[in-house]
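Here are the chains, one letter per residue:
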Amino acid sequence: MKWIKLFIPILVIAMIFSGCSFRLASSVDELIAPVAPAGDNADVQNALDSYCKGSFSLKTPVGGEYTTSYIFYDIDTDGQDEAIAFYEPASNLGTINMAVIDKVDNQWSVISNVVGDGSDIYSVNFADLTGDGLVEFIVLWDVISNSSNHVLSVYSQEKESGDSLERIGKEITTNDYIVVDIDNDGINEVMMFTIDAGDSIVAFANLYSYSNGSSKLISRTKLDGHIISYKNIISETVNGNVYVYADAINLNGSQMHTEVIYWSKTYDSIISPFYNYSTGVTKNTIRNTMLTSRDINQDGYVEIPLDATISGLPQDIEAVNWKQYKGSVLDHVSYSIAVQRDDYQIIIPDKYFDKISVTYDSDNSTLTIYDKNEKVIFSIISVLKAHYDENSAIFSDYVQIMNNSGYIYLAKINEDSDMKLTIDELKAMIKSYKGE
């Protein structure tokens, strides 16, 4: 019962200092006060305080590029950033508002306010979808907490002053999206990814246009629906053609696949060449590795990670075959050995890949690569930055080759192995697992 005796005084103190607006935080995140703007932008919070005329809780987007309490972005292209804030008024709990705060005559004030389409905010982004030179606000609202689906709303600025926002079209339920000019008409579209529930297991890529001041579905293609959600969506332009790569987590949670989507002039529509309409499955890009598509070798093109095979590979290590989409086929580009738990991978030259063996010491986070004669080629050890001491005798034979994601990566090379490498070459070969 000791915990009850401790909890009651804490509860009483919280109620005394919080007044009528007191409520227990529903998560750890709510116990952490959002960081307020500082310096020249310190009055942004005062402007929101003045506008609300009552207590409110700031809400921070949990996804997307912008994940701060106050988001600064030049929405009207005047060379000065405006501020965007999401908040829940105490007078209307469960409703999230979006406020746009601008500095006019050296005074910050709320110039526009939108009542949201959900009870929480997932993400916000900005892009010109109408072709008028002003960005639209693309907001993902959450209606159900921790759901993989969100409600997407697009808000357009009033063209003359930009002092008001109006929603374009209706809100649309989606899992994820990407802004892309996939048909090369000079105006961005929004490609939304949905996963249908119920008896039919199918997903769709839906292409919406907002160019005429309204939302219009202009094209769609079926996708493999045997998935939990989309993990990563990116695009590239090759020879004037735009390709979208959507990495999805499969229903078993331990596999992924990638959908490739592009605009077909023949069909005047977006198509997904690897989706099989007979089976409802995309199998060409299915894999056990949970890596996402990216430009792995900095050649300017996106590569898709697929499974590779090395005999006797340790359980914690993945062998990856990176392939590039080229006109309906996947061409091999490079191989890598990936260590997910230490957040890195190492590119292995093709001529050595089928001749190496791999060990991994999980206790010391040490990866060792051997040549065909079982000679050590190199070893890599990952050390938490908080535990790293460059003067330690443990690391005296190692050289730092990467500093990333809270880790220091150290390497040691054997010059007598078949695979002749230098430290500089190894520095070029090591990559972050996540690709950040």
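On a predicted model such as this, the values are computed, not experimentally measured, just so you know.

Student: Pulling in residues and values, what's your account of the sheet that holds strand S17 (residues 269-271)?
Tutor: Spatial strand order, S14-S15-S16-S17: four strands in an open sheet with antiparallel pairing. Two strands in the sheet have a free side with no partner beyond their single neighbour: strand S14 (227-238) and S17. Recorded for the sheet is a direction-independent mean angle of 25 degrees between the axes of neighbouring strands. By the bridge criterion, 10 bridges tie S14 to strand S15 (residues 241-250) in an arrangement that is antiparallel. Counted as the bridge partner of Ser-235 is Val-244 from S15.

Student: Residues and numbers for the pattern of salt bridges, please.
Tutor: This model, assessed by the stated rule, comprises six salt bridges. Where Lys-59 meets Glu-88, a salt bridge forms, and the shortest distance between an N and an O atom there is 3.6 Å. Taken together, the residues span a long stretch of sequence, with Lys-59 in strand S1 (residues 56-59) and Glu-88 in strand S3 (residues 82-89) at a distance of 29 residues. Lys-59 gets classed as buried once you look at its relative accessible area, which sits at 12%. One salt bridge connects Asp-247 with Arg-287, and the closest N-O pair in it is separated by 3.3 Å.

Student: Summarise the pairing of strand S16 (residues 256-264); cite the residues concerned and give the values.
Tutor: Consecutive side chains along a regular strand alternate between the two faces of the sheet. Of all nine residues making up S16, nine are buried, and the element is well covered by its neighbours. The pairing of S15 with S16 spans seven bridges and is antiparallel. If you follow Ile-249 over to S16, its bridge partner there is Met-256. In this structure, the hairpin formed by S15 and S16 is closed by a connection of five residues, where Gly-253 is found at a positive phi of approximately 75 degrees. Where S16 lies against S17, three bridges are found, and the strand directions are antiparallel.

Student: Before we move on, can you summarise the side chain of Ser-336 with the specific residues and values?
Tutor: As for its placement among the helices and strands, Ser-336 is situated in strand S22 (residues 329-339). A polar contact of 2.7 Å, which involves the side chain of Ser-336, links it to the side chain of Gln-345. Those residues in contact with Ser-336, other than ones at most four positions away along the chain, are Glu-318, Ala-319, Val-320, Trp-322, Gln-345, Ile-346, Ile-347, Ile-348 and Phe-353.

Student: Kindly report on the packing of aromatic side chains, identifying the contributing residues and their values.
Tutor: Per the stated rule, a full pass over the model turns up 17 aromatic pairs. Their ring planes at 70 degrees and their centres at 5.7 Å tell us that Phe-56 and Tyr-87 sit as a pair that is edge-to-face. In this pair, Phe-56 is assigned in strand S1 and Tyr-87 in strand S3, connecting sequence segments 31 residues apart. Of the residues examined, Tyr-87 reaches a relative accessible area of 3% and is grouped as buried. Taking 6.4 Å as the distance between ring centres and 80 degrees as the angle between the ring planes, the aromatic pair formed by Phe-72 and Trp-108 counts as edge-to-face. One end of the pair, Phe-72, is in strand S2 (residues 70-73); the other, Trp-108, is in strand S5 (residues 107-115), and 36 residues separate them in sequence. With relative accessibility at 28%, the residue Phe-72 sits in the partly exposed group. Overall, the relative accessible area of 5% leaves Trp-108 in the buried class. Connected via pairs of aromatic rings, a cluster forms that spans Tyr-66, Tyr-73, Phe-126 and Phe-137. Across the ring face of Phe-204, the terminal group of Arg-220 is positioned such that the distance to the ring centre comes to 3.8 Å.

What counts and how
- Residues numbered from 1 in each chain as written.
- Predicted model: local features only at pLDDT ≥ 70, side-chain atom pairs only at ≥ 80, totals over all residues.
- Heavy atoms only, no water.
- Pairing = 2+ DSSP bridges.
- Helix = DSSP H or I, 4+ residues; strand = E, 2+ residues; numbered from the N terminus.
- Axes fitted to C-alpha atoms, helices over the stretch in contact; angles between N-to-C directions.
- Salt bridge = Lys/Arg side-chain N within 4 Å of Asp/Glu carboxyl O.
- Buried < 20%, exposed > 50% of the residue type's maximum accessible area, 1.4 Å probe, protein only.
- Polar contact = N/O pair within 3.5 Å; in protein donor to acceptor, adjacent residues only side chain to side chain.
- Contact = heavy atoms within 4.5 Å.
- Phe/Tyr/Trp six-rings, centres within 6.5 Å; stacked < 30°, edge-to-face > 60°.
- Lys NZ or Arg CZ within 6 Å of the ring centre and 35° of its normal.

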